[in-house]
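Chains, contacts and geometry: an overview
So the chains spell out like this:
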Amino acid sequence: MPQKEKENIISQTVSSYGGKLMSFIRPKVKNTEDAEDILQEVWYQFSSLTNLAEIVNVGGWLYRVTANKITDKYRKKKTENLEDFVYEDEDGTFSIKDILLLDESAGPEVKMFQDEIWKKLFEALAELPEKQRLVYTENELNDKTLQQIADEQGENIKTIISRKNYAVKHLRNRLRKLYEDLNN
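Described in the following lines is the structure provided in the data block.

Parameters at a glance
Residues numbered from 1 in each chain as written. Predicted model: local features only at pLDDT ≥ 70, side-chain atom pairs only at ≥ 80, totals over all residues. Heavy atoms only, no water. Helix = DSSP H or I, 4+ residues; strand = E, 2+ residues; numbered from the N terminus. Buried < 20%, exposed > 50% of the residue type's maximum accessible area, 1.4 Å probe, protein only. Contact = heavy atoms within 4.5 Å. Phe/Tyr/Trp six-rings, centres within 6.5 Å; stacked < 30°, edge-to-face > 60°. Bend = angle between axes of the 7 residues up to and from the residue. Arc of directions from axis to C-beta. Core = buried A, V, L, I, M, F, W, Y, C linked by side-chain atoms within 4.5 Å. Axes fitted to C-alpha atoms, helices over the stretch in contact; angles between N-to-C directions. Parallel < 35°, antiparallel > 145°, perpendicular 65-115°, else oblique. Left-handed = near helix turned anticlockwise from the far one by under 90°. Nonpolar A, V, L, I, M, F, W, Y, C, P; charged D, E, K, R; others polar. Lys, Arg positive; Asp, Glu negative; His and termini not counted. Salt bridge = Lys/Arg side-chain N within 4 Å of Asp/Glu carboxyl O. Polar contact = N/O pair within 3.5 Å; in protein donor to acceptor, adjacent residues only side chain to side chain.

What follows is about the overall build of the protein. The secondary structure content of the protein amounts to eight helices and two strands. Put simply, the protein has 184 residues, and 40% of those count as buried. Residue pairs at least 24 apart in sequence account for 60% of intrachain contacts in the protein once pairs closer than 6 positions are excluded.

In C-alpha cells, the structure reads:
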C-alpha cells in the first residue's frame, strides 16, 4: 500500500473514531491522562499495521484493541501519578500529593514533612537516568502529555511510556522508604 494511501486511511479513521474511542475509554480509567495514553497506544498499534486495507471491520478492530489496552492497564496495575502514592495508617488513608499540596497554615509538622518529601523526591529524581527523569518531570511537573514528550524528543510513544514507568517504580520505592522511616 502506498504511504499516501495509508496516511489517508489513518487520518480518516482517527477523525471518525477518535471521539468515540475516548468516550469508550474515559469511564473505565482513573483519569483523562490514562485515557489519552491508551488511545495513543491504540493509534500507534493501528498506524503500525502493514495491512490496513485488509481489516474488514475497522470499528470492531479498534474497539477490541482498545478494550485489550484498558485490560492491560489494569492487569499491570501501573501507578503513574503522584496521587497514586497512597498509604494507610491507624488514622486512615492519606496521599503524599495531598500532603504536598497543603498550605502553610497546616502547621509546622506538616511543613517539615512537606519539605522532607520534596527533598527526598528530588534526591530520587536525581538518581534516575537523565531520559527517565526528563520524561517524569515533563509529564508530572510540567503537565505535558506523554505524546507531547514523544513528539518533542522524536521518540516512540512506547519508549516514553517505558521511561515513565521505570521512573515511577524507582520513585515509588524511594517514597515508600521515606514513609516507613517517618512512621517508625
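Before going further, it helps to examine the packing of aromatic side chains. For the coordinates displayed, the defined rule picks out three aromatic pairs. Pairing tryptophan 43 with phenylalanine 46 gives two aromatic rings, centres 6.3 Å apart and planes at 75°, and the pair type is edge-to-face. One end of the pair, tryptophan 43, and the other, phenylalanine 46, are both in helix H2 (residues 32-48), three residues apart, so they sit about a helical turn from each other. The same class applies to tryptophan 43 and to phenylalanine 46, which are both buried. With a centroid separation of 5.6 Å and an interplanar angle of 55°, the aromatic rings of phenylalanine 46 and tryptophan 61 are classed as tilted.

Glancing now at helix H1 (residues 3-25). An α-helix turns once per 3.6 residues; consequently, residues spaced three or four apart project the same way. Of all the bends in H1, the largest measures some 45° and sits at tyrosine 17. Those residues of H1 not exposed but buried are Lys6, Ile10, Thr13, Gly18, Leu21 and Ile25.

Attention shifts here to helix H7 (residues 146-153). Restricting attention to buried positions, one finds in H7 the residues Leu146, Ile149 and Ala150. The buried side chains of H7 occupy one side of the element, clustering within an arc of 100° when seen end-on. Facing away from the buried side of H7 by over 90 degrees, the exposed positions are Asp151 and Glu152. Immediately beyond the C-terminal end of H7, within one or two residues, lies glycine 154, with a positive phi of roughly 65°.

We now examine the nonpolar core. Within soluble globular proteins, side chains that are nonpolar generally end up buried alongside one another. One finds Ile25, Phe46, Trp61 and Leu62 to be the most contacted residues of the largest nonpolar core, which totals 17 residues. Those elements that place two or more of their residues in this core are H1, H2 and helix H3 (58-76). Top element by residues in this core is H2. It accounts for six residues. For phenylalanine 46, the contacting residues outside a window of four places in its chain are Ile9, Ile10, Thr13, Leu52, Ile55, Val58, Trp61 and Leu62. Among the nonpolar cores identified, the runner-up in size contains ten residues, and Ile117, Leu125, Tyr136 and Ala167 belong to it.

Contact geometry of helix H6 (residues 130-141) with H7 gives a least axis separation of 9 Å together with a crossing angle of 135°. On the basis of the axis angle, H6 is oblique to H7. With respect to the hand of their crossing, H6 and H7 are arranged in right-handed fashion. Along its contact with H6, which presents Leu134, Val135, Glu138 and Asn139, the element H7 presents Leu146, Ile149, Glu152 and Gln153. Its residues assigned to classes, the contact of H6 with H7 comprises four nonpolar, two polar and two charged.

Moving on, we get to the packing of H1 against H2. At their nearest, the axes of H1 and H2 sit 10 Å apart, and the two run at 155° to each other. Between H1 and H2, the crossing angle belongs to the class labelled roughly antiparallel. Between H1 and H2 the crossing geometry is right-handed. Of H2, the residues touching H1 (which contributes Lys6, Ile9, Ile10, Thr13, Val14, Tyr17, Gly18, Leu21, Met22 and Ile25) are Ala35, Glu36, Ile38, Leu39, Val42, Trp43, Phe46, Ser47 and Ser48. Class assignment of the residues belonging to the contact of H1 with H2 gives a composition of 13 nonpolar, four polar and two charged.

This part is about the side chain of lysine 6. Structurally, lysine 6 is set in helix H1. Glutamate 7 provides the closest opposite charge to the buried, salt-bridge-free lysine 6, at an N-O distance of 8.9 Å. Polar contacts involving the side chain of lysine 6 include one to the main-chain carbonyl oxygen of serine 47, which spans 3.0 Å.

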